[in-house]
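Structural characterization, general
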Amino acid sequence: DLEAEKLQEFNIHCHFAAGLGSGRYQPAKDGASLKTVLEEALANYNEVNAVMDLVLFHDAMEHICRINRILESPRGNALLVGVGGSGKQSLSRLAASIAGLECFQIALSKGYGLNELKVDLGKCFVKAGQKNQGVMFLMTDAHVADEKFLVLINDFLASGQIADLFPDDQRMELTDSVRGEVRSSGLLDTNDACWEFFIERVRRLLKVVLCFSPVGNTLRLRARKFPALVNCTTIDWFHDWPREALISVSRSFIQESESVPAALKNSVSEFMAQVHTSVNQMSQIYLQNERRYNYTTPKSFLEQISLYKSLLEKKTSELQGNMDRMENGLTKLQSTAAQVDDLKEKLKA
């Protein structure tokens, strides 16, 4: 029937199809209802965090639902693969906010090394295991200042434990902090049992999301050296935005511009999408002929829109300035002509 056909066309399942906080995993009714819920989630996120200006087209909503589904799963960790600027971090933050997870990212600075990473991971362990708070550890290519960082991530993904993460006294303190909960759950409160209870909670509440680029050999080499990055995560590929997404995004930004006449906004949006897709096509020809890659990313498309808007405002301002100067010049000429006529009349008298 018609309802089944519509459901098949829009086949997205999520934990918030009936609204934020519903928690029931079920199919979304349609794109409009899902977009309304996600816009509400984005508004809630922007109220307490740095504002993210996201355009929720169909592909973006699919990725948010996928990432959220991974984060809601037991021991759910994600590997997001896509070129830079494809929205991996932004969509992960929104998905984590919907899942009620706190987003944690390391702050790289001069001298940041393995010990500093252990300290940051230790903070995440304490939040998840001792304070019973959900945490998403978000890591990108830029955060891997040293490949040894991935040894720790690989160990956590594979076993939930990281060697020498805590000194003995802090480990004993963490063990004692969960001893009461271990007893209440009916288990023996030995040190090993308490530590195992702590680690199991960490594995349940600490989610690792890796945002890596497929460009070059880096990802392939990392997958061979650190197999848990692939074997213990759910992989979500971020492909090129389709033409409909490009038009939707450009239209969203162009609608805000007052310099573009309303009758031309749709045409300008479609032209921007055409420019981006044509560059992608020429990049494929360039690869075949020259054996060299030219990457176009969603970020470069957003930069194209930003460049168009800034140039449009600049040229509009210049033209308005020229018009104002001409108008002032004509006003002065008319005033001068009136004064000359007045002087002529006086001279005749």
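Residues numbered from 1 in each chain as written. Predicted model: local features only at pLDDT ≥ 70, side-chain atom pairs only at ≥ 80, totals over all residues. Heavy atoms only, no water.

**Some points on a nonpolar patch on the surface**
Judged by side-chain polarity, Val215, Tyr293 and Tyr295 come together as a nonpolar surface patch covering roughly 320 Å² of accessible area. Inspection of the secondary structure puts Val215 in the loop between strand S6 (206-212) and helix H10 (218-225). Among the residues examined, Val215 registers a relative accessible area of 32% and is labelled partly exposed. (Patch = residues over 30% accessible without salt bridge, like charges linked within 9 Å, V, L, I, M, F, W, Y side chains within 5 Å. Areas by Shrake-Rupley, 256 points an atom, 1.4 Å probe, with all protein chains shown as cover. Salt bridge = Lys/Arg side-chain N within 4 Å of Asp/Glu carboxyl O. Helix = DSSP H or I, 4+ residues; strand = E, 2+ residues; numbered from the N terminus. Buried < 20%, exposed > 50% of the residue type's maximum accessible area, 1.4 Å probe, protein only.)

**Quick notes on the environment of Val340**
Position of Val340 among the secondary structure elements: in helix H14 (residues 298-348). The exposure class of Val340 is partly exposed, given its relative accessible area of 38%.

**Here we look at the sheet that holds strand S3 (residues 78-81)**
The five strands are arranged S4-S5-S6-S3-S7 in an open sheet whose pairing can be described as parallel. At either margin of the open sheet sits one strand with a lone partner, and together these are strand S4 (102-104) and strand S7 (234-237). The mean angle between the axes of side-by-side strands here comes to 20 degrees, regardless of whether they run parallel or antiparallel. Relative to strand S5 (residues 135-140), S4 runs parallel, the two being bridged by three bridges. Residue Glu102 lies in a different strand from S5, and its bridge partner there is Val135. Along the sheet face, helix H9 (residues 191-205) touches S5 and S6 and points at about 45 degrees away from the line of S6. (Pairing = 2+ DSSP bridges. Axes fitted to C-alpha atoms, helices over the stretch in contact; angles between N-to-C directions. Contact = heavy atoms within 4.5 Å.)

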